[in-house]
Amino acid sequence: MAQTPSPAPKPNPIAIAVHGGAGVIERETMSPESEAAYRAALELSLRTGHAILVAGGSSLDAVAAAVRVLEDSPLFNAGKGAVFTLEGKNELDAAIMEGRTLRAGAVAGVTRIRNPIDLARAVMERSSHVLLSGPGAEEFAASIGMPFVDPSYFHTPERWEQLQRLKAALAANPKLTLSSDAPGLRDSPEARRIDTKFGTVGAVAVDRRGDLAAATSTGGMTGKRWGRVGDTPLIGAGTWADNATVAVSATGHGEFFIRNAVAHDIAAMVAYRGLPVRAAAEEVVLRKLVQRGGEGGVIAIDRKGNIAQPFNSKGMYRGAIDVDGKLTIAIFRD
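The rules behind each value
- Residues numbered from 1 in each chain as written.
- Predicted model: local features only at pLDDT ≥ 70, side-chain atom pairs only at ≥ 80, totals over all residues.
- Heavy atoms only, no water.
- Buried < 20%, exposed > 50% of the residue type's maximum accessible area, 1.4 Å probe, protein only.
- Helix = DSSP H or I, 4+ residues; strand = E, 2+ residues; numbered from the N terminus.
- Pairing = 2+ DSSP bridges.
- Contact = heavy atoms within 4.5 Å.
- Axes fitted to C-alpha atoms, helices over the stretch in contact; angles between N-to-C directions.
- Parallel < 35°, antiparallel > 145°, perpendicular 65-115°, else oblique.
- Left-handed = near helix turned anticlockwise from the far one by under 90°.
- Salt bridge = Lys/Arg side-chain N within 4 Å of Asp/Glu carboxyl O.
- Phe/Tyr/Trp six-rings, centres within 6.5 Å; stacked < 30°, edge-to-face > 60°.
- Core = buried A, V, L, I, M, F, W, Y, C linked by side-chain atoms within 4.5 Å.

Engineer: Honestly, the pairing of strand 1 (residues 15-23) in this entry has me stumped. Any pointers?
Structural biologist: Across the nine residues that make up strand 1, a large majority, nine, are buried. As judged from the seven bridges shared by strand 1 and strand 12 (residues 315-321), these two strands associate in the antiparallel manner. Among the inter-strand pairings, Gly 21 is bridged to a residue of strand 12, identified as Tyr 317.

Engineer: I'm lost on unusual backbone geometry in this one. Help?
Structural biologist: As a rule of thumb, non-glycine residues mostly have phi less than zero, and peptide bonds are mostly trans rather than cis. Positive phi outside glycine occurs at Trp 226, with the angle close to 60°. Turning to its location among the elements, Trp 226 is positioned in the loop between strand 7 (212-218) and strand 8 (239-241). In this model, Ala 261 sits at a positive phi of 40°, which is unusual for a non-glycine residue. Within the secondary structure, Ala 261 is located in the loop between helix 7 (254-259) and helix 8 (262-273). The exposure class of Ala 261 is partly exposed, given its relative accessible area of 33%.

Engineer: Explain the sheet that holds strand 10 (residues 296-301) here, please?
Structural biologist: One open sheet accounts for four strands, arranged 8-9-10-11; its pairing is antiparallel. The open sheet is flanked by strand 8 and strand 11 (307-308), the only strands paired with a single partner. With three bridges connecting them, strand 8 and strand 9 (residues 247-252) associate as antiparallel partners. Bridge assignment links Trp 240 to a residue of strand 9, and that residue is Val 248. Against the sheet, helix 8 makes contact with strand 8, strand 9 and strand 10, and its axis sits at roughly 30° relative to strand 8, the strand it touches most.

Engineer: What should I look at first to understand the packing of helix 8 against helix 9 (residues 277-291) in this one?
Structural biologist: Each pair of packed helices can be summarised by the angle the axes make with each other and by the distance between the axes. Across the interface, helix 8 lies against helix 9 with an axial gap of 9 Å and an inter-helix angle of 130°. Taken together, the axes of helix 8 and helix 9 are oblique relative to one another. Helix 8 and helix 9 meet at a crossing whose hand is right-handed. When helix 8 is examined against helix 9, the residues Val 262, Asp 265, Ile 266, Met 269, Val 270 and Arg 273 are found in contact with a partner set consisting of Val 277, Ala 280, Ala 281, Glu 283, Val 284, Lys 288 and Leu 289.

Engineer: Looking at this structure, how should I read the pattern of salt bridges?
Structural biologist: A side chain of one charge can pair with a side chain of the opposite charge when the charged atoms of the two come close. A full pass over the atoms with the stated rule returns 17 salt bridges. The partner of Glu 125 in a salt bridge is Arg 121, with the nearest N and O atoms 3.1 Å apart. Of this pair, Glu 125 and Arg 121 both sit in helix 3 (residues 116-126), four residues apart, which is roughly one turn of that helix. You can call Glu 125 partly exposed: its relative accessible area is 38%. With its nearest N and O atoms 2.9 Å apart, the salt bridge here joins Arg 228 to Glu 255. Remark: Glu 255 occurs in helix 7 and Arg 228 occurs in the loop between strand 7 and strand 8; sequence separation between them is 27 residues. Glu 255 sits in the partly exposed class, given a relative accessible area of 22%. The network of salt bridges with common partners includes Asp 61, Arg 121 and Glu 125.

Engineer: What is the right way to look at the packing of aromatic side chains in this model?
Structural biologist: Given two aromatic rings, their pairing is described by the distance between the two centres and the angle made by the two planes. A full pass over the atoms with the stated rule returns five aromatic pairs. Residues Tyr 38 and Phe 76 carry aromatic rings whose centres are separated by 5.5 Å and whose planes lie at 75° to one another, so their mutual orientation is edge-to-face. Taken together, the residues Tyr 38 in helix 1 (residues 32-54) and Phe 76 in the loop between helix 2 (59-71) and strand 2 (92-98) connect sequence positions 38 residues apart. With respect to burial, Tyr 38 and Phe 76 carry one shared label: buried. Seen in terms of ring centroids, Phe 84 and Trp 160 are 5.0 Å apart; in terms of plane orientation they differ by 80°. Their pairing is edge-to-face. In this pair, Phe 84 sits in the loop between helix 2 and strand 2 while Trp 160 sits in helix 5 (residues 157-172), placing the two residues 76 residues apart along the sequence.

Engineer: Teacher, can you tell me more about the nonpolar core here?
Structural biologist: Soluble, globular proteins show a tendency: their nonpolar side chains are buried together. Residues Ile 16, Phe 76, Ile 96, Leu 119 and Tyr 317 are the most contacted members of the largest nonpolar core, which totals 50 residues. Take this core: its biggest share by element is seven residues, from helix 2. In contact with Ile 96, other than residues within four places in its own chain, are Leu 60, Val 63, Ala 64, Arg 103, Ala 104, Gly 105, Ile 117, Ala 120, Arg 121, Met 124, Ala 214 and Ala 215. Of all hydrophobic cores here, the second largest spans 37 residues; its members include Val 206, Trp 240, Val 270 and Val 284.

Here is the structure:
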C-alpha cells in the first residue's frame, strides 16, 4: 500500500520592523509636511524589505534593503543624512548580523561609502573579520571593487546647521556635554539649541525559514571627536540576531548602550529568564536603561514574528509590518 506523502512544512510567518532614531521628537515642533516626509520614508523602507520576505527572500536581504532606503534619505542620521564631527567631517558606522549562523559584519568611521550597511555585509561575507574601521575598512572596500563617493555627498545644509548650533552652545557654556546630561545643564538654553535626536536607523526581520536578522547604520553624534564610535557597529550593544532568541537594532545615546550591552541583554532575558520579546525589551529599555541614565529605544523581533518597539525618549521614528501584513508607523509617544 502506497504511503501518503507527509505534508510540506508550513512556512514560518514573516514580519519586519524598522526605526529611524529616537530622542526629543515632539508633535508640536514638527510640521505636517515634515511628519509626512518621515512617514513616507519609513513606509518605503518597510515595504522594500517586506517585498523581499514575501517573495521568499532572506531576512538578511530584507534588513539590508530596508536600511539602504533609510541611508539614502537625508532625513535620517545615516548615509546621506549623516551628522558632522566637530571637525566638519562625516564618519559612518554600520553593522549586520544573521541569526541562523551568528555571522556578523561591521564598519566604523568610514567616510566615502554611500551605503555603509553594504560594506558591513561584505565584511561578514567576504572577510574573516567582524569589524573593520576607518581607512582599513575603505581599503577593504576598494579591494572588493566597492564604489566610493566623494565625502561631499554626505554634506546636507540641515546637518551643517546642527553642527554650528552645537559649536555656538559649547562656546556659550564650556561645561555643556554633547549629551546635555550634566547636572543643571539638561534644561539650559544652550542644551535646548542642540539637536538631541539620536538618528540611527535599523531593521529587524524574520523570513519564511524562521531565520532572524538585524541591521543598523548611523552617522553617530553631532560634534563627536577623536574617532568616537558608538554602539551601532558593536555586536551585542547596538545590533544582535540569534535564531534561538531575538533580533535587535538599537538607537540612542551609544555610550550607555555599550556599557549595558543592550542588544545582547535583551536576548539574554529571553534565553535565561524565558521572557517574551516584548517583556525582555521593555525590561532593558524602560527599566535598566532608565535607572542608569540611558536614553533611546530598540526594535526587536522573535522567530514567530512578535515585535517590540520600546523607547524611553520623547519619540522614536518606527514602523512595522506584522505577520498579518498590517503596516503601522509611529513617531511620537502617543
